[in-house]
Amino acid sequence: MWWIGIGHAGTLISAILLLLNQGWRNAINRFAEAMTLFAVACAGQFPILHMGRPWLGYWLIPYPNTMALWPQFRSPLDWDVFAVSTYATISVVFWYVGLIPDLASLRDKAHKRYQQVIFGALSLGWRGSAMHWMRYEKASLVLAGLSTPLVVSVHTVVSFDFAISIIPGWHTTIFPPYFVAGAIYSGFAMVLALMIPVRRFYGLEDLITLQHMNNMAKVMLATGLIVAYGYTSEVFFAWYSANNFERFMMHNRQFGPYAPFYWCLIFCNIITPQFLWIAKVRMHMGILFVISLIVNVGMWLERFVIVITSLHRDFVPSSWGYYSPTRWDWAVYIGTIGLFMTLIFLFVRVLPMITIFEMRMLVPSGRVKEPVR
Amino acid sequence: MITANSYSLSTEADATLARLQTRSLVVGIVGLVACAAGLVLSPDHFFRGWLVGFVFWFCMTLGSTALLMVQYLTGGAWGMVIRRPLEASSRTMLLMAVLFIPILFALPTLFEWARPEAAYDAVIQAKTLYLNKTFFTIRQFVYFGIWLVMVYLLNKWSLREDADRNIYYAKWLQRISGPGLVLYALTLTLCTTDWVMSLDAHWFSTVFAFMMLSGQGLSTLSLMTAMVILLAHTEPMRSVLTKRHTHDLGKLMLTFVMLWAYLNFSQLVIIWAGNLPEEITWYTRRMNNGWQWVGLALLMFHFVVPFLLLLSQELKKRPKLLTFVALWIIAIRLVDVFWLIEPNFDQDQLRMHWMDLAAPIGIGGVWMALFLWNLRRHPLMPVNAPDLQKALNHGRHH
């Protein structure tokens, strides 16, 4: 959940901002899309691991078999399979289509034979003719139109995984929009957390400007407020429902054995982002970096609180217990962070992380009065 | 050089609005007389219809206030062309506050928690801290207080900007819009809980206020779109409005149509799958005894048809067709509000009382008349707004 949420900002930045004609996306979209792909790759590990028998992972896919066995189509877990795999496919295509003109540039600049062959094959014979560009623009628009509902649908289905059950703390109707907002929130926090150091170390301050950072921080604040609204309404309606189980769940969450996690979550996800109201904070890279890290921690805590506090004490007190992550739980989690970072660094090394051709169009318009030599 | 005069209403435009205003007022007065008759003949139905009409038109008033703040925060040419109509519509807040008063006198008629038999209901007893007549009344004063202050500031600074060219007004407007929207979300949640959700005091749904929010956005955008297109025949709107503007407004309407459907669908799936007695009753009531046809009509005409129509780029650029879709949406919004409110009363069978039409028409006539009167009093564009020229050039080639 944490990973897939992070993935969403990439698509949001590329797709929705493209549909909204927001020019500022150009500098950051490539990086954000790559982050999406890698986060989805990390997220994809978990359902397979969770089945306990990872070698039977293909059972999730409906295929005609001799025993006429089908997955349970009424389970949102199965909807997840479709939602995430569609989302991953479209994200890959979107990212790749966006890369083609740049791959062609790399091909043209390549000196070594193997580079010419690889980039040449990958750029699919791009020559940059007017026809190519026209089709490119059209394809981007269609893919953006497809990705936008997919972003929403993926996290909606993830929220259904919880909300469709009748576990107090999981079964609540605000989950779909609140999960989508939470996903975007954590995604933007991750983009910032990665982008701020990369921008600094590679000296990209002129391409990824303070204005970009400012805008991303504003989106983070807005989605953070929606998430805060979600928490508040959960508390209020748990009381308003007048349902014993609902009220107990909220009381247990706030004052039970896992209460420190809940209050940490409130601190990380609600109190910290309030500093983003101040423009100076949004423009100060050090503080913004720390805030984005805190928000990432907060979003991890959110998932922990939702999953654990609702499950560890259910309707029958005899089945109450405590959960603490085992060595292997941590190992799996840290392992995916390693996988993510490896992929990100590979990407930064091998492919252009800022769209070359879009920068070519933006940069000249920035310096108009340069003397002609 | 642009002066305030270049965006003042031309005589023809003013005449169009004045004609519409008179007609609205006449319709409104006739409707209100009918309401008065309804109050005498059948007070129960009068109050139910009044609540439907009030909530429906209130969506426009509060929705305009919220959209005003949204456009200050996001910028965008669409916001500039509808800013003055939004302001005029937000200034109906005081009228809405007055029109709410009858409801305060009818709490036991409308709300089951305000009736004496609620004392024997364990669930309602568990929430009397919130659902009691005194606190309910206090809350209404707080909501309207907050909204009136918001409306006052948003209008005052924007109109001051016209008079003296102080750029600080734009900054102030932007600065109050962020916290204003936070306050909007909170008050909207509570007032929706009070006015609509608590009609069935056992039922609760955390996404319900969001559904109302999407409805408000949709109602308001549709009315504003219809309004600017109506004005596009005459100056000053004729030289202001481009196809890009109506295209953008159409896109926003499409977004809200999808948002409305998404939220309604989510609530339905979650409650249907959970099938808990305290929640599912809200739907069983609306899926039986004739109410299911209203629900299906909403699915078809509040989502499918407007969605398919608004997908077309061609349509969004054709003012006449877009007006048609906008008016369509406004009409179907009334059905939606009716569907949210009325099944709480007539549980056994779908019934429509003539008050369900008379009250929305009566309130609507007066509302429209005041809105148009407000609109006629000031230039149609915020003449000194910093981004005005950029917004007007949207979609024009140089």
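About the criteria used
- Residues numbered from 1 in each chain as written.
- Chains lettered and ligands numbered in written order.
- Predicted model: local features only at pLDDT ≥ 70, side-chain atom pairs only at ≥ 80, totals over all residues.
- Heavy atoms only, no water.
- Helix = DSSP H or I, 4+ residues; strand = E, 2+ residues; numbered from the N terminus.
- Contact = heavy atoms within 4.5 Å.
- Rg over C-alpha atoms; globule rule 2.2 N^0.38 Å.
- Areas by Shrake-Rupley, 256 points an atom, 1.4 Å probe, with all protein chains shown as cover.
- Lys, Arg positive; Asp, Glu negative; His and termini not counted.
- Charge placed at Lys NZ, Arg CZ, Asp CG, Glu CD.
- Phe/Tyr/Trp six-rings, centres within 6.5 Å; stacked < 30°, edge-to-face > 60°.
- Buried < 20%, exposed > 50% of the residue type's maximum accessible area, 1.4 Å probe, protein only.
- Salt bridge = Lys/Arg side-chain N within 4 Å of Asp/Glu carboxyl O.

## As for the overall build of chain A
For step 1, the next point in the chain: The helix and strand tally for chain A stands at 13 helices and zero strands.
For step 2, the next point in the chain: In chain A, of all internal contacts separated by at least 6 residues, the share reaching a separation of at least 24 is 76%.

## Some remarks on the overall build of chain B
For step 1, the next point in the chain: Regarding its fold elements, chain B presents 17 helices and zero strands.
For step 2, the next point in the chain: Taken over the C-alpha trace, chain B has a radius of gyration of 21 Å; the compact-globule value for 398 residues is 21 Å, and the two agree within 12%.
For step 3, the next point in the chain: Seen along its three principal axes, the alpha-carbon backbone of chain B occupies a region of about 70 × 40 × 40 Å.
For step 4, the next point in the chain: Of the contacts formed within chain B by residues at least 6 apart in sequence, a portion of 82% connects residues at least 24 apart.
For step 5, the next point in the chain: Of the roughly 16200 Å² of accessible surface on chain B, a fraction of 68% belongs to carbon and sulfur atoms.
For step 6, the next point in the chain: In chain B, which carries 31 positive and 23 negative side-chain charges, the distance between the mean positions of the two groups comes to 10 Å.

## Things to note about the packing of aromatic side chains
Residues and elements named next belong to chain B.
For step 1, the next point in the chain: If you walk through the whole model with that rule in mind, you get 54 aromatic pairs over all chains.
For step 2, the next point in the chain: When the ring of Phe58 is compared with that of Trp147, the centres are 5.0 Å apart and the planes differ by 50°; the resulting orientation is tilted. You can see Phe58 sitting in helix H2 (residues 43-74) and its partner Trp147 sitting in helix H7 (residues 133-163), a full 89 residues away along the chain.
For step 3, the next point in the chain: Among the residues examined, Trp147 registers a relative accessible area of 0% and is labelled buried.

## A closer look at the pattern of salt bridges
Residues and elements named next belong to chain B.
For step 1, the next point in the chain: Under the definition given, this model contains eleven salt bridges over all chains.
For step 2, the next point in the chain: The salt bridge partner of Arg238 is Glu235, with a shortest N-O separation of 3.4 Å.
For step 3, the next point in the chain: The exposure class of Glu235 is partly exposed, given its relative accessible area of 29%.
For step 4, the next point in the chain: Here Arg333 makes a salt bridge to Asp336, at a shortest N to O gap of 2.7 Å. Within this pair, Arg333 and its partner Asp336 are both found in helix H15 (residues 319-341), separated by three residues, close to a single helical turn. Here the two residues Arg333 and Asp336 agree in accessibility, since each one is buried.
For step 5, the next point in the chain: Shared partners join several salt bridges into a network, and the residues in it are Arg84, Glu87 and Asp162.

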